[in-house]
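# Reading the structure
If you want the building blocks of each chain, they are given just below.
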Amino acid sequence: MNSIKIFCQFILIIIFLSSCRTSINKEYPLKDLEKNIKDNPNPEKKRMEIKFSCGEDGISEYLDDGWIILKEDFQEKICTWKSVPATKDCNMEKDKGCKITKPDKIGEEKIYLLEK
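## Observations concerning the pattern of salt bridges
Taken as a whole and judged by the stated rule, the model has 3 salt bridges. For Glu-115, the salt bridge goes to Arg-47, with nearest N and O atoms at 3.2 Å. Of this pair, Glu-115 sits in strand β3 (residues 99-115) while Arg-47 sits in strand β1 (residues 47-53), and the two are 68 residues apart along the sequence. On the basis of relative accessibility, which here comes to 15%, the residue Glu-115 falls in the buried class. Between Glu-109 and Lys-77 there is a salt bridge, with its nearest N and O atoms 3.8 Å apart. Remark: Lys-77 occurs in strand β2 (residues 68-85) and Glu-109 occurs in strand β3; sequence separation between them is 32 residues. On the basis of relative accessible area, Glu-109 is assigned to the buried category, the value being 11%.

See the structure below:
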């Protein structure tokens, strides 16, 4: 029984030592790699999603910079909120529990998917 235990420990040690090799730093031909990168520029296009809310509109800056609109979406959005008393005799300054927050102005949120 003791010899089996020693044999298992020996096998475990061999497995751990064989898996912990030192890494050898080989010099790869980086000159050829750099040459291929310069010859084949990355043809991937950049994509970006931007949002403008409540009357803001800055899409012309992106269009002037060379971006193209792929998709345009509009959603209704609450621009501002207002606090109103819950009852007629409610004092919002003294009793914070009687204050109700309601949407004040509802605007539009524009979502653009751009590609360059």
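There's plenty left to go through after this.
## Things to note about the packing of aromatic side chains
Within this structure, the stated rule accounts for 1 aromatic pair. When the centroid spacing of 6.1 Å and the interplanar angle of 65° are considered together, the rings of Phe-52 and Tyr-112 count as edge-to-face. One end of the pair, Phe-52, is in strand β1; the other, Tyr-112, is in strand β3, with 60 residues separating them in the sequence. Side by side, Phe-52 and Tyr-112 carry an identical accessibility label, which is buried.

## Focus: the nonpolar core
Of all hydrophobic cores here, the largest spans 6 residues; its members are Ile-50, Phe-52, Ile-59, Trp-67, Tyr-112 and Leu-114. Among the secondary structure elements, those contributing two or more residues to this core are β1 and β3. Residue contacts for Leu-114: discarding those within four places in its chain leaves Lys-46, Arg-47, Met-48, Ile-50, Ile-59, Tyr-62, Trp-67, Ile-68 and Ile-69.

## As for the side chain of Glu-115
Side-chain polar atoms of Glu-115 contact the side chain of Arg-47, separated by 3.2 Å. Residues in contact with Glu-115, not counting those within four places in the same chain, are Lys-45, Lys-46, Arg-47, Gly-66, Trp-67, Ile-68 and Leu-70.

## Re the state of the cysteines
Inspection of the entire model under this criterion finds 2 disulfides. Covalently, Cys-54 is tied to Cys-79 through a disulfide, its sulfur atoms 1.9 Å apart. Disulfide Cys-54-Cys-79: torsion about the S-S bond near -105°, hence left-handed. Taken together, the positions of Cys-54 in the loop between β1 and α3 (59-64) and Cys-79 in strand β2 put the pair 25 residues apart, joining distant regions of the chain. In this model, Cys-90 is linked to Cys-98 through a disulfide, with the two sulfur atoms separated by 1.5 Å. Handedness of the Cys-90-Cys-98 disulfide follows from its S-S torsion of about 65°: it is right-handed. Using a relative accessible area of 15% as the deciding quantity, one classes Cys-90 as buried. Of the residues examined, Cys-98 reaches a relative accessible area of 9% and is grouped as buried.

Cut-offs and rules
- Every chain is numbered on its own, with residues counted from 1 as its sequence reads.
- For a predicted model such as this one, the threshold for reporting local features is a pLDDT of at least 70, and the threshold for listing and counting side-chain atom pairs is 80 or more; totals across whole chains, interfaces and linings nevertheless cover every residue.
- Excluding hydrogens and water, the side-chain figures rest on all heavy atoms present in the structure.
- Salt bridges are defined as contacts in which a side-chain nitrogen from Lys or Arg sits within 4 Å of a carboxyl oxygen from Asp or Glu.
- In this description a helix means any DSSP run of H or I spanning at least four residues, a strand means any run of E spanning at least two, and both kinds are numbered starting from the N terminus.
- Using a 1.4 Å probe on the protein chains alone, a residue whose accessible area is under 20% of its type maximum counts as buried, one over 50% counts as exposed, and one in between counts as partly exposed.
- Only Phe, Tyr and Trp rings take part, Trp by its six-membered ring, and two of them pair if their centres are within 6.5 Å. Stacked means planes under 30 degrees apart, edge-to-face means over 60, and tilted covers everything else.
- Among buried residues, those of type Ala, Val, Leu, Ile, Met, Phe, Trp, Tyr and Cys that are joined through side-chain atoms within 4.5 Å constitute a nonpolar core.
- Residue contacts follow a heavy-atom distance rule, with two residues in contact if any of their heavy atoms lie within 4.5 Å.
- Pairing of N or O atoms within 3.5 Å defines a polar contact, subject to two protein rules: one partner must be a possible hydrogen donor and the other a possible acceptor, and residues neighboring in sequence count only if both atoms are side-chain atoms.
- The disulfide definition used here is simple: a pair of cysteine sulfur atoms within 2.5 Å.

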